[in-house]
Amino acid sequence: MVVQTGRFGQIEVSSEEIISIPSGVLGFPEDHNFCLVDPGDETLILWLQSLSNPRLAFPVLEPKIFKPEYVVRLSAAELRELRLASIKDASVFTILTIPAAMSEMTANMKAPLVINVREKTAKQVVLQENDQPIKLPMFKELRAHLISLPNTSAVKSEKSAIEVKDLQLNTRVELI
């Protein structure tokens, strides 16, 4: 299907790329179908694009990149809601806030997005640990990670949706 977006123009989205979020993203309960868009730059930031609202897209990033010790602990009820038969089928992203001054970028560590890559369903989970910040400054860590990567001159400049099955677990997920 062809999807019109406010940020990326028209993109082609296959059924394998559609992520269902039955309860929506916090603050946006009416939007249920999304895809992850790779803008084709070297930032590692992906975009969670609504398929029904062209202007609704959230920047997301795998938290292991900037906070290696981060762990997502899910309850048995959350595992059932996500239809996760195995924690190995989970992929985790944090939703970013990117202000005009990029150096003030933050990540919501308290409410990550957990995706069941097998079922193509997701949920924004509010973690019960009180020590997780809603706005973790992380620009320096992301920049350090990007600098440490081998220089690839073949930058993919084409935006594209990402097949859910290609997502891999990097952030540790545990059952509480």
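Reading the values: the criteria
- Residues numbered from 1 in each chain as written.
- Predicted model: local features only at pLDDT ≥ 70, side-chain atom pairs only at ≥ 80, totals over all residues.
- Heavy atoms only, no water.
- Helix = DSSP H or I, 4+ residues; strand = E, 2+ residues; numbered from the N terminus.
- Buried < 20%, exposed > 50% of the residue type's maximum accessible area, 1.4 Å probe, protein only.
- Contact = heavy atoms within 4.5 Å.
- Core = buried A, V, L, I, M, F, W, Y, C linked by side-chain atoms within 4.5 Å.
- Pairing = 2+ DSSP bridges.

Considering the environment of Leu 142
Relative to the helices and strands, Leu 142 is located in helix α2 (residues 139–148). Classification of Leu 142 as buried rests on a relative accessible area of 4%. Spatially, the C-alpha atoms of Leu 142 and Pro 63 are 9.7 Å apart, while their sequence positions differ by 79 residues. Once residues within four sequence positions are removed from consideration, Leu 142 is found in contact with Thr 43, Ile 45, Leu 61, Ile 65, Phe 66 and Met 105.

Concerning unusual backbone geometry
Residue Leu 44 is not a glycine yet carries a positive backbone phi of 75 degrees. Overall, the relative accessible area of 33% leaves Leu 44 in the partly exposed class. Its identity is not glycine, yet Lys 120 carries a phi of approximately 60 degrees, on the positive side. With respect to the helices and strands, Lys 120 occurs in the loop between β9 (106–116) and β10 (121–124). Lys 120 gets classed as partly exposed once you look at its relative accessible area, which sits at 25%.

A few points about the nonpolar core
Membership of the largest hydrophobic core comes to 34 residues, with the highest contact counts inside it found for Leu 61, Val 72, Leu 74, Val 114 and Met 138. Sorting the residues of this core by element identifies β4 (33–38), β6 (57–61), β7 (71–74), β8 (90–97), β9 and α2 as the ones contributing at least two each. Residues in contact with Val 72, not counting those within four places in the same chain, are Val 92, Pro 112, Val 114, Leu 127, Thr 171, Arg 172, Val 173 and Glu 174. Counting residues in each nonpolar core, the second largest holds 17 residues, with Ile 19, Leu 48, Ile 95 and Ile 115 among its members.

What about the pairing of strand β5 (residues 46–50)?
Counting buried positions along β5 yields 5 of 5 residues, so the element is predominantly enclosed. Of the two faces of β5, the one holding Leu 46, Leu 48 and Ser 50 and the one holding Trp 47 and Gln 49 are both buried throughout. Sheet topology places β4 next to β5; 4 bridges connect them, and they run antiparallel. By the bridge assignment, Cys 35 is partnered in β5 with Gln 49.

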